[in-house]
Amino acid sequence: MLLIAIEEHGTVGRAAQALYMTQPAASKLLKDLEDLIGVSLFDRLPRAMRPTWYGESLIRHARIALSSLSEAGAEIEALKAGHAGSVAIGAIAGPAMTLLPPALARVSQAYPDLRVSLVVDGSDVLLDQLAHNKIDLMIGRLFARHDKRHLHYEPVAEEQVCAIARPGHPLLSLEKPRLQDLALASWVVPPEGSILRHRFELMFQSAGLEVPRRMIGTAALVLLPRLLQDSDHLAVVPVDVARHYGEHGMAEIVPLELSCGMDSFGFITRTDWLLSPGTRAVLDTLKDAAGRIYAPKAQRRRGT
């Protein structure tokens, strides 16, 4: 706790105050630890203390240890309260729409005392939450820029994207819409910096077209139906999301195949963290459901 507090507050004095210790006691505790290990854990700067490489390594393990103890306490409290524990799942939009509803229905039936929470967001956000133990497992993507040293990735399926519009949109009256027609439209797209946003813009540039000028950038899929309903905007979304909106009469798929597809997604867990029994049960259920949902789709694509 002292190591983490020094890193967060910058000095032994402020760290001691945060931990309700005296500064001499904190200084002695740090010195005893450095003497025991035989290395310096912090560089003493004029106005602050900065972790050395040894300190960064030990602080990382200290965070894991404290988080593990916190998880243990939470599990024990859940068991005392008659629950079977809790599991936090993170997922990107496509599988959140298609995979999670039937899988979680099975989890609820098989483990009625297991408390499950769900976060739907982009892979970057979910990976950060996984690293800080805010979620137990995630369904998302790994790219070259991500640090994979402590992650296990099990691929599930590829994710196709498409354009959608409100029912009655003028573009839907065209027998064969062209990419040129889409370039002139207004769009709701993922925020800047996202992979899909980059590939969406590159799709037009590669065809020698200007990128659509009128774009609303948002990751809030819950807003999409209303944004489309009140305007002639188009939106680029995973096909599974588009089908969900179509089944509820909120949008229709524009009949033009887009070339800005996404990479495969999969189950991601940490290799330096033991999964709780509840998390393992949920993960097994998700894997079984994924085999039922995505394997037939892959077979149909290979057949065509």
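Everything numeric here is computed off the predicted structure, so don't read it as measured data.

Calculation notes
- For every chain, the first residue of the written sequence is number 1, and numbering continues from 1 along that sequence.
- Where totals are concerned, whole chains, interfaces and linings use all residues; where local detail is concerned, this predicted model gives features only for residues with pLDDT of at least 70, and gives and counts side-chain atom pairs only at 80 or more.
- Heavy atoms throughout the structure, all of them, feed into the side-chain values; hydrogens and water do not.
- Pairs of cysteine sulfur atoms within 2.5 Å are identified as disulfides in what follows.
- Buried residues are those whose accessible area, probed at 1.4 Å on protein chains only, stays under 20% of the maximum for their type, while exposed residues exceed 50% and partly exposed ones sit between those limits.
- Note on pairing: two strands pair once DSSP finds at least 2 bridges between them.
- Each helix corresponds to a stretch of at least 4 residues labelled H or I by DSSP, and each strand to a stretch of at least 2 residues labelled E; elements are numbered beginning at the N terminus.
- Where helices are involved, their axes are fitted lines through C-alpha atoms of the stretch in contact, as for all axes, and angles between N-to-C directions lie from 0 to 180°.
- Contacts are assigned to residue pairs with any non-hydrogen atoms lying within 4.5 Å of each other.
- Candidate patch residues must exceed 30% relative accessible area and have no salt bridge, after which like charges are joined if within 9 Å and Val, Leu, Ile, Met, Phe, Trp or Tyr side chains if within 5 Å.
- To be clear on the numbers: accessible area is Shrake-Rupley with a 1.4 Å probe, and residue cover counts the displayed protein chains and nothing else.
- The working definition used for a salt bridge is a side-chain nitrogen of Lys or Arg within 4 Å of a carboxyl oxygen of Asp or Glu.
- Nine residue types can take part in a nonpolar core, namely buried Ala, Val, Leu, Ile, Met, Phe, Trp, Tyr and Cys, and a core is a set of them joined through side-chain atoms within 4.5 Å.
- Note that the term roughly parallel is reserved for angles under 35 degrees, roughly antiparallel for angles over 145, roughly perpendicular for angles of 65 to 115, and oblique for everything else.
- Should the near helix be turned anticlockwise from the far one by less than a right angle, the crossing is left-handed, and should it be turned clockwise, the crossing is right-handed.
- Amino acids are sorted into nonpolar (Ala, Val, Leu, Ile, Met, Phe, Trp, Tyr, Cys and Pro), charged (Asp, Glu, Lys and Arg) and polar (every other residue, Gly among them).
- With a 1 Å grid laid over protein atoms only, a set of points is called a cavity when a 1.4 Å probe fits there but cannot get out and a pocket when it is open yet has protein on both sides within 12 Å along at least five of seven lines; lining residues have an atom within 4 Å of a point.
- Grid points are joined across faces, edges and corners, and a volume is the space filled by probe spheres set on the points.
- As a per-residue quantity, pLDDT reports the predictor's confidence and falls between 0 and 100.

Further remarks concern the state of the cysteines. Under the counting rule described, the total for this entry stands at zero disulfides. We note that Cys162 lacks a disulfide partner, and the nearest cysteine sulfur, in Cys260, lies 9.5 Å from it. Owing to a relative accessible area of 6%, Cys162 belongs among the buried residues under this scheme. For Cys260, a relative accessible area of 2% corresponds to the buried category.

Bringing the sheet that holds strand β6 (residues 151-159) into the picture now. Spatially, five strands are ordered β4-β3-β5-β12-β6 in an open sheet, and the strand pairing comes out mixed. Two strands bound the open sheet, and with one partner strand each, they are β4 (115-120) and β6. Neighbour-to-neighbour, the strand axes of the sheet open up by a mean angle of 20 degrees, direction not taken into account. As paired elements, strand β5 (residues 137-140) and strand β12 (residues 262-270) share three bridges and run antiparallel to each other. The partner of Ile139 across the bridge, within β12, is Phe267. Seen against the sheet, helix α7 (residues 123-131) touches β3 (86-91), β4, β5, β6 and β12 and runs at an angle of roughly 165 degrees to β5.

Turning next to the pairing of β12. Summarising burial for β12: seven of the nine residues are buried, a large majority. Inspection of the sheet shows β6 paired to β12 by seven bridges, in the antiparallel sense. In the sheet register, Tyr153 faces β12, and the bridge partner there is Ile268.

This part is about a nonpolar patch on the surface. Nonpolar side chains collect at one region of the surface, where Met1, Leu66 and Leu69 lie side by side and expose about 330 Å² of accessible area between them. Here Leu66 is to be found in helix α4 (residues 53-80).

Take the nonpolar core next. Ranked by size, the top nonpolar core spans 30 residues in total, and within it Leu99, Ile139 and Leu286 carry the most contacts. The set of elements that each furnish at least two residues to this core consists of β3, α6 (100-110), α7, β5, β12 and α12 (277-303). Among the elements that line this core, the one with the most residues is α12, at seven residues. Membership of the second largest hydrophobic core comes to 22 residues, among which are Val161, Leu182, Ile195 and Phe204.

Turning our eyes to something else, we now look at helix α11 (residues 239-247). Val239, Asp240, Val241, Ala242 and Tyr245 are the residues of α11 that are buried. Positioned one or two residues after α11, Gly249 has a phi angle of 70 degrees, which is positive.

This brings us to the packing of helix α1 (residues 2-9) against helix α3 (residues 23-37). Relative orientation of the contacting elements α1 and α3 amounts to 115 degrees, with a least axis distance of 11 Å. Judged on the interaxial angle alone, α3 and α1 are roughly perpendicular. For the crossing formed where α1 meets α3, the hand is left-handed. On the side of α1, the interface is formed by Leu2, Leu3 and Ile6, while α3 contributes Ala26, Leu29, Leu30 and Leu33. Its residues placed into classes, the contact of α1 with α3 shows seven nonpolar, no polar and no charged.

With that settled, consider empty space enclosed by the protein. Tallied over the entire structure, the rule returns one cavity of 30 Å³ or more. In this structure, the largest cavity encloses a volume near 40 Å³. Lining the largest cavity we find Leu130, Asn133, Ile135, Asp136, Arg270, Trp273 and Leu275.

Another point: the confidence of the model for the protein. Looking at the protein as a whole, the pLDDT averages 87, with 94% of positions reaching at least 70. In the model of the protein, α4 stands out as the element of lowest mean pLDDT, 78, in contrast to β5, which has the highest, 95.

A word on the sheet that holds strand β11 (residues 252-253). Read across the sheet, five strands follow the order β9-β8-β10-β7-β11 without closing on themselves; strand pairing throughout is mixed. In this open sheet, the two strands that pair with only one neighbour each are β9 (215-217) and β11. Examined bridge by bridge, strand β7 (residues 161-165) and β11 share two bridges and lie antiparallel to one another. Bridge pairing in β11 links Ile164 to Ile253. Seen against the sheet, α11 touches β7, β10 (234-238) and β11 and runs at an angle of roughly 115 degrees to β10.

Pairing is possible between side chains that carry opposite charge, provided their charged atoms lie close to one another. In total, this model carries 20 salt bridges according to the counting rule given. The salt bridge partner of Arg44 is Glu34, with a shortest N-O separation of 3.0 Å. Of this pair, Arg44 sits in strand β1 (residues 42-44) while Glu34 sits in helix α3, and the two are ten residues apart along the sequence. Taking the relative accessible area as the measure of exposure, Arg44 reaches 47% and is therefore partly exposed. Note that Arg226 and Asp230 form a salt bridge whose closest N and O atoms lie 2.6 Å from each other. On the basis of relative accessible area, Arg226 is assigned to the exposed category, the value being 56%. Here the salt bridges do not stand alone but share partners, grouping Glu7, Glu8 and Arg63 into one network.

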